[in-house]
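Reading the structure
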Amino acid sequence: MADEALFQFLHNEVIQYVYKSAENGEMENGRCVSKLEHLGFRVGQGLIERFTKDTSRFKDELDVMKFICKDYWTSVFKKQIDNLRTNHQGIYVLQDNKFRLLTQLSSGKQYLEHAPKYSCPVVFGVRLWPGARGTLQPGCEEHRHR
Amino acid sequence: DHRQARGTSINNSELFTLTYGALVTQLCKDYENDEEVNKQLDKMGYNIGVRLIEDFLARSSVGRCQDFRETADVIAKVAFKMYLGITPSVTNWSPAGDEFSLILESNPLVDFVELPDNHSNLVYSNLLCGVLRGALEMVQMAVEVRFAQDTLRGDNVTEIRMKFIKRIEENLPAGDE
């Protein structure tokens, strides 16, 4: 079983690698979807597949959010979401006060800016429903909305 | 029934394996040939290794190794166990005692991985070679590390071959690549 420290080191190295590419001004289709987001997305997809392969489908949006906040968050980020808010119109705000993937970063601010771009798609992995998008703000909140 | 347990929880292994897989996939897109990807994996592994060694020394109670044989045992029985949860066997010592093999029955990096046909020269787990090289450099050992066998390429086992090159003088700085 891979050790936590090893994952953290790999995560940092991935960010550094992609950050260097981003510096070279790479963009795709003018959409500014960075490599880091793609990487995170791919990982998230894989995780969701593993996680849900033996289980029934989600009943509704609330079911999905509960899964994200408890099971998924605990497995990937080692704790549950601290706070969940919604405007009941498709926007959810998930708050994590001690986000695992950011607390270990000892490098300067430059990586803090980029690291969430990996984590965010890891959270949102495969699109649990069409059109779902999210943003992540250091300050340890994240927003999920249609 | 949505109340049933949601599959199995994900452990660190899966997140690590998936992240590593996504990285290799990305590198294959970024670089033109497998040799370049192998080099990049080695370089990234090196950067990890030079930092990982501190974590290792802090968490294990291992003291200074007396010789290369002891180093081999520590790598196989302590380091691999601590970081990857496996214990490779140490075999195939050269007569001079400066080269040995680590035989891995299983390799956590390659769970669920299949190499596509057009990547026959890719050394998928090459990051490990860099990690070992970087870590040992920080304890004054220059080594060469390579994969001699790889289950992803059809071999029965995965074999890492490690060769001692020389002792590094302590006052020479070693840096990132």
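What you see is a predicted model; the values in this text were computed from it and never measured.

1. A closer look at the packing of helix α2 (residues 34-59) of chain B against helix α4 (residues 127-137) of chain B
Residue and element names in this part refer to chain B. Here α2 crosses α4 at 40°, and the two axes come no closer than 6 Å. With respect to α4, the axis of α2 lies oblique. Every pair of crossing elements has a handedness; the one defined by α2 and α4 is right-handed. Contacts from Leu41, Asp42, Met44, Gly45, Tyr46, Ile48, Gly49, Val50, Leu52 and Ile53 of α2 reach α4 at Leu127, Cys129, Gly130, Val131, Arg133, Gly134, Ala135 and Glu137. Its residues assigned to classes, the contact of α2 with α4 comprises eleven nonpolar, four polar and three charged.

2. A look at the side chain of Asp150(B)
Residue and element names in this part refer to chain B. Within the element layout of this structure, Asp150 appears in the loop between β3 (141-149) and β4 (158-167). We note that Asp150 is buried and unpaired, the nearest opposite charge coming from Arg153 at a distance of 4.7 Å. In this structure, Asp150 is in contact with Tyr124, Asp155, Val157 and Thr158, ignoring residues within four places of it in sequence.

3. A word on empty space enclosed by the protein
For the structure shown, the criterion picks out two cavities of 30 Å³ or more. Considering only enclosed or pocket space, the largest cavity measures out at about 50 Å³ in volume. Taken together, Glu13(A), Gln16(A), Tyr17(A), Lys20(A), Gln40(B), Lys43(B), Met44(B) and Asn47(B) form the lining of the largest cavity. Looking at the lining of the largest cavity, the elements that each hand over two or more residues are α1 (4-23) of chain A together with α2 of chain B. Of the residues belonging to the lining of the largest cavity, the class tally is two nonpolar, three polar and three charged.

4. Considerations on the pattern of salt bridges
Under the defined criterion, the tally for this structure stands at seven salt bridges over all chains. Ionic pairing is found between Asp3(A) and Arg59(B), a salt bridge with its closest N-O pair at 2.9 Å. Separated into two different chains, Asp3(A) in the segment before α1 and Arg59(B) in helix α2 make up a pair that spans both. The class of Asp3(A) is buried, set by a relative accessible area of 14%. Since its relative accessible area comes to 41%, Arg59(B) is described here as partly exposed.

5. Some points on the sheet that holds strand β2 (residues 99-104) of chain B
Residue and element names in this part refer to chain B. Strand order in this open sheet of four strands is β1-β2-β4-β3, and the pairing throughout is antiparallel. Of all strands in the sheet, those with a lone pairing partner are β1 (89-91) and β3, marking the two edges. Strand-to-strand twist across the sheet, computed as the mean angle between neighbouring axes with direction ignored, equals 25°. Across three bridges, β1 lies against β2 in antiparallel orientation. Each bridged residue has a counterpart across the sheet, and for Ser89 the counterpart in β2 is Ile103. In the packing of helix α3 (residues 68-84) onto the sheet, contacts are made with β1, β2, β3 and β4, and the angle to β2 comes to roughly 15°. Running over the sheet, α4 touches β3 and β4 and is turned about 165° from β3.

6. Description of the side chain of Asn107(B)
Position of Asn107(B) among the secondary structure elements: in the loop between β2 and α4. Here the side chain of Asn107(B) touches Ser125(B) through a polar contact of 3.0 Å, side chain to side chain.

7. Considering the confidence of the model for chain B
Residues and elements named next belong to chain B. Looking at chain B as a whole, the pLDDT averages 88, with 89% of positions reaching at least 70. This model gives residues 1-8 a pLDDT under 50, and the stretch forms 18 contacts once residues within four places in sequence are excluded. Scored by ipTM, the complex comes to 0.86, with pTM at 0.79.

8. Considering the layout of surface pockets
Residues and elements named next belong to chain B. Taken as a whole, the largest pocket spans an internal volume of roughly 560 Å³. Around the largest pocket, the lining comprises 29 residues; the ones closest to its centre are Ile53, Phe56, Ile75, Ala135 and Leu136. The set of elements that each furnish at least two residues to the lining of the largest pocket consists of α2, α3, α4 and β4. In terms of residues, the lining of the largest pocket owes the most to one element, α3, which gives eight residues.

9. Side note on the packing of aromatic side chains
All names here are of chain B. Here the structure, examined in full by the defined rule, presents six aromatic pairs over all chains. Pairing Phe56 with Tyr83 gives two aromatic rings, centres 6.4 Å apart and planes at 45°, and the pair type is tilted. Of this pair, Phe56 sits in helix α2 while Tyr83 sits in helix α3, and the two are 27 residues apart along the sequence. For the pair Phe56 and Tyr83, one class covers both residues: buried. Ring geometry for Trp93 and Phe100: centres 4.9 Å apart, planes at 35°, overall tilted. Judged by relative accessible area, Phe100 falls into the buried class, the value being 0%. An aromatic cluster of three or more residues is present, and its members are Phe68, Trp93, Phe100 and Phe164. The lysine or arginine in question, Arg69, covers the ring of Trp93, its NZ or CZ lying 4.4 Å from the ring centre.

About the thresholds
- Residues numbered from 1 in each chain as written.
- Chains lettered and ligands numbered in written order.
- Predicted model: local features only at pLDDT ≥ 70, side-chain atom pairs only at ≥ 80, totals over all residues.
- Heavy atoms only, no water.
- Axes fitted to C-alpha atoms, helices over the stretch in contact; angles between N-to-C directions.
- Helix = DSSP H or I, 4+ residues; strand = E, 2+ residues; numbered from the N terminus.
- Parallel < 35°, antiparallel > 145°, perpendicular 65-115°, else oblique.
- Left-handed = near helix turned anticlockwise from the far one by under 90°.
- Contact = heavy atoms within 4.5 Å.
- Nonpolar A, V, L, I, M, F, W, Y, C, P; charged D, E, K, R; others polar.
- Buried < 20%, exposed > 50% of the residue type's maximum accessible area, 1.4 Å probe, protein only.
- Lys, Arg positive; Asp, Glu negative; His and termini not counted.
- Salt bridge = Lys/Arg side-chain N within 4 Å of Asp/Glu carboxyl O.
- 1 Å grid on protein atoms, 1.4 Å probe; cavity = no way out; pocket = protein on both sides within 12 Å on 5 of 7 lines; lining within 4 Å.
- Points joined across faces, edges and corners; volume = space filled by probe spheres on them.
- Pairing = 2+ DSSP bridges.
- Polar contact = N/O pair within 3.5 Å; in protein donor to acceptor, adjacent residues only side chain to side chain.
- pLDDT = per-residue confidence, 0-100.
- Phe/Tyr/Trp six-rings, centres within 6.5 Å; stacked < 30°, edge-to-face > 60°.
- Lys NZ or Arg CZ within 6 Å of the ring centre and 35° of its normal.

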